[in-house]
Amino acid sequence: MPRRRDPAASPVVHRTARVAVRVTPGQRRRCFGLLRSAGDVWACVLEVNLWRRRRRDVSLSGYQELCRELSGSGSGTFAELDSTGARSVLRRFSDAWFAAAKRRKDGDLSVRFPRRRRRLVPVRWYHGTFTLDGRRVRIPTAKGTAPLWVRLAREVPYPAEQVRSVTLLCEGGRLFLDVTAEVPVTVYPAGEQPDPARVAGVDLGIIHPYAVAGPGGEGLLVSGRAVRAEHRMHLADTKARRRVVAGRAPKPGEKGSRRWRQYRRRARLVEDRHRRRVRQAQHEAARTVVSWAARQRVGVLHVGDPRGVLDLPAGRRHNLRLRQWQIGRLLQILTDKAILAGITVRLVDERGTSSTCPACHRRVPKPRGRALSCPHCAFSGHRDLVAAASIATRIPGGGSTTPTDVVLPQVVTHRRAGRHLPGAGWSRRDPRRPRVARGSVGPRRPAPPPGGESLA
């Protein structure tokens, strides 16, 4: 039965925190056994649907249909995985199926239904099926098996009574637990809460992940150059490692050696570490924007939606930059944190905001740098802040018309995202970058004679 909430209580939002799991070799073997059993459940669903398609029957995609099929398999079919964990896999499959069907119905025929096998599938358990005791968590297992207790690497950042579910997953060979909790929306003192009449515009970018133009001539620039450098150095490091091991790579159809498996394991660890670093920097940038908006009492954020550029072919190198931009994740992270702070986020059309003069409303050639200069009226300003100020005046769901009352920021706050990244600290030195001797040592001079004067 779902938990009932008091209608008069403050609204809540769901937040998820990822916590590493510290396990013994035996516990690690059992945890990976649960993930492999979840992969078996996923593969069984694919097999059943394959048989039904061969018989020209309708595929099983609904959650209730899949649960009825699971109940007929009997207990103990999937090793230590209990029925709650198996049903979470069925829920994940059903959601992926209907999401793909919806996108194909909307006209996106490039979307494919979930028909690929997975070796490891995350498993979720809901409130009442697991036990959280400080840093210890009891993971449910099948009836008749020994209880599985694991230890977390740090304290869960939410009270135990607010935790609604836990998800066991593997990332880069490491075990993690995603803890989801119901967190109440921030309550402000009287006179300090966000004002819905105060609107700020947010322009998304690569150099500046978030450029914000708020009311009263206030502005915020969050620099993402450290994140861009992390992407570039990771790409260069990956290419260098691939060049080194290209000679000992197994041929197609040939089984890899132990050294090759170790290299592949190391490559996965490095790739997942890179993802965690970028994800943390994105959260830091969004937290900076929301904290700044809360101090300015901004109640509504108008965010320019640039996802239309992903459909434009721009070449191999620029397409890679667009994919590394991760527009959807930036929007999702900013929306989650803004809702928790009581701030409303609305998406607007951002077309032409970075190439239109806010003074004379004429098209301006795209500048190479960050400064936008109008050749018609001699206006000059920061390109991203001009775009954010124009976005703040646009109406959600309307066209791309910008009114004349564009308020440009006069006081700009600069912040950096990704201070934890290599090369972004005080040393400004990335350990992956090879050291290069600076300057010229010049010709070597002979040593002075012993007991005599120098030749110089």
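For the structure, check the block above.
Residues numbered from 1 in each chain as written. Predicted model: local features only at pLDDT ≥ 70, side-chain atom pairs only at ≥ 80, totals over all residues. Heavy atoms only, no water.

Asker: Explain the sheet that holds strand S12 (residues 344-349) to me, please; I cannot follow it from the model alone.
Answerer: Strand pairs in the sheet, formed through backbone hydrogen bonds, run parallel or antiparallel to each other. Read from one edge of the open sheet, six strands run S12-S11-S8-S9-S10-S15, paired in mixed fashion. Looking along the sheet, the strands with just one partner apiece sit at the ends: S12 and strand S15 (411-416). For this sheet, the mean inter-axis angle between neighbouring strands, taken without regard to orientation, is 25°. Bridge count for strand S10 (residues 218-223) against S15 is six bridges, and the pairing is parallel. The partner of glycine 219 across the bridge, within S15, is valine 412. Each of strand S9 (210-213), S10, strand S11 (298-305) and S15 touches helix H5 (residues 258-295); the most contacted strand, S10, lies at about 170° to it. (Pairing = 2+ DSSP bridges. Helix = DSSP H or I, 4+ residues; strand = E, 2+ residues; numbered from the N terminus. Axes fitted to C-alpha atoms, helices over the stretch in contact; angles between N-to-C directions. Contact = heavy atoms within 4.5 Å.)

Asker: Even after reading the chapter, I still don't get the packing of aromatic side chains, so can you show me in this structure?
Answerer: The description of an aromatic ring pair rests on the distance of the ring centres and on the angle between the ring planes. Taken as a whole and assessed by the stated rule, the structure comprises four aromatic pairs. Residues tryptophan 42 and phenylalanine 93 carry aromatic rings whose centres are separated by 5.3 Å and whose planes lie at 80° to one another, so their mutual orientation is edge-to-face. One end of the pair, tryptophan 42, is in helix H1 (residues 25-54); the other, phenylalanine 93, is in helix H3 (residues 83-105), and 51 residues separate them in sequence. Among the residues examined, tryptophan 42 registers a relative accessible area of 2% and is labelled buried. The class for phenylalanine 93 is buried, based on a relative accessible area of 1%. Among the aromatic residues, those joined into a cluster by ring pairs are Trp42, Phe93, Trp97 and Phe113. Seen from the ring of tyrosine 63, arginine 91 lies directly overhead, with NZ or CZ sitting 3.9 Å from the centre. (Phe/Tyr/Trp six-rings, centres within 6.5 Å; stacked < 30°, edge-to-face > 60°. Buried < 20%, exposed > 50% of the residue type's maximum accessible area, 1.4 Å probe, protein only. Lys NZ or Arg CZ within 6 Å of the ring centre and 35° of its normal.)

Asker: In this structure, what is going on with helix H7 (residues 327-340)? I would like to understand it.
Answerer: Since there are 3.6 residues in each turn of an α-helix, residues three or four apart along the chain are aligned in direction. If you check H7, its first and last C-alpha atoms are 20 Å apart, about what 14 residues at 1.5 Å a residue would give, namely 20 Å. Restricting attention to buried positions, one finds in H7 the residues Ile327, Leu330, Leu331, Ile333, Leu334, Lys337, Ala338 and Leu340. Backbone geometry just after H7 places glycine 342 at a positive phi near 80°. (Expected span 1.5 Å × (residues − 1).)

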